[in-house]
Amino acid sequence: MKFFRYLFWGDDIPEKERNQIRFYLKVHKKTVMVYLITLNQGSDQLDITYSPVFLQRFYHIHPPFVVGITKSKESALEVVRQMVEDCVALYGNADLKYYLAHYGENH
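These remarks concern the structure in this document. (Residues numbered from 1 in each chain as written. Predicted model: local features only at pLDDT ≥ 70, side-chain atom pairs only at ≥ 80, totals over all residues. Heavy atoms only, no water.)

1. Looking at a nonpolar patch on the surface
Argument step 1. On the surface, Met33, Tyr50 and Val53 cluster together into a nonpolar patch covering about 240 Å² of accessible area.
Argument step 2. Counting through the fold element by element, Val53 comes out in the loop between β3 (46-50) and α2 (57-61). (Patch = residues over 30% accessible without salt bridge, like charges linked within 9 Å, V, L, I, M, F, W, Y side chains within 5 Å. Areas by Shrake-Rupley, 256 points an atom, 1.4 Å probe, with all protein chains shown as cover. Salt bridge = Lys/Arg side-chain N within 4 Å of Asp/Glu carboxyl O. Helix = DSSP H or I, 4+ residues; strand = E, 2+ residues; numbered from the N terminus.)

Shown next as structure tokens:
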């Protein structure tokens with residue numbers, strides 16, 4: 001998996017667990033049950049997917065670009081909502097790929 005440099009974390013994941021979760025996802029360990037916020041391949045939108053989906057062989061060859069990790073779908077929706085609100089406040093639109101590409105410049 002590829003991870004965003006400024007990874008967004010849900011409030012439901014304690015700080016001390018974050019490095020371990022990220023490592024387990026990178027090595028495709030089956031014990032991690034989290035929701036991943038990933039860039040959609042085609043549009044400027046984001047996908048929220050349960051992590052076991054990415055254990056399929058296809059994703060080993062075509063790894064997703066992860067921008068956020070949460071433990072619940074509700075928390076993932078909250079993280080995406082915050083990202084969209086921030087994007088609209090900064091740029092006046094919801095172009096999330098542009099927002100993420102320039103995230104380090106504005107934060």
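2. Description of the sheet that holds β3
Argument step 1. One open sheet accounts for four strands, arranged β1-β4-β2-β3; its pairing is mixed. Strand pairing shows two members of the sheet lacking a second neighbour, β1 (2-9) and β3, which therefore form its edges. Neighbour-to-neighbour, the strand axes of this sheet turn through a mean angle of 30°, independent of strand direction.
Argument step 2. Inspection of the sheet shows strand β2 (residues 35-39) paired to strand β4 (residues 65-70) by four bridges, in the antiparallel sense. Each bridged residue has a counterpart across the sheet, and for Thr38 the counterpart in β4 is Val66.
Argument step 3. Strands β1, β2 and β4 of the sheet are contacted by helix α1 (residues 18-26), whose axis makes an angle of about 150° with β1. (Pairing = 2+ DSSP bridges. Axes fitted to C-alpha atoms, helices over the stretch in contact; angles between N-to-C directions. Contact = heavy atoms within 4.5 Å.)

3. Observations regarding the packing of aromatic side chains
Argument step 1. For the structure on display, the rule yields twelve aromatic pairs.
Argument step 2. Plain terms: the ring middles of Phe4 and Tyr103 are 6.0 Å apart, the flat faces sit at 65° to each other, and that makes the pair edge-to-face. In this pair, Phe4 is assigned in strand β1 and Tyr103 in helix α5 (residues 103-106), connecting sequence segments 99 residues apart. Across the pair, exposure class does not vary: Phe4 and Tyr103 are buried alike.
Argument step 3. Here Tyr6 and Tyr103 contribute two aromatic rings whose centre-to-centre distance is 5.6 Å and whose plane-to-plane angle is 50°, an arrangement assigned as tilted. Of the two residues, Tyr6 is situated in strand β1 and Tyr103 in helix α5; the sequence distance between them amounts to 97 residues.
Argument step 4. Cluster of aromatic residues (ring-pair linked, three or more members): Phe4, Tyr6, Phe8, Phe65, Tyr99 and Tyr103. (Phe/Tyr/Trp six-rings, centres within 6.5 Å; stacked < 30°, edge-to-face > 60°. Buried < 20%, exposed > 50% of the residue type's maximum accessible area, 1.4 Å probe, protein only.)

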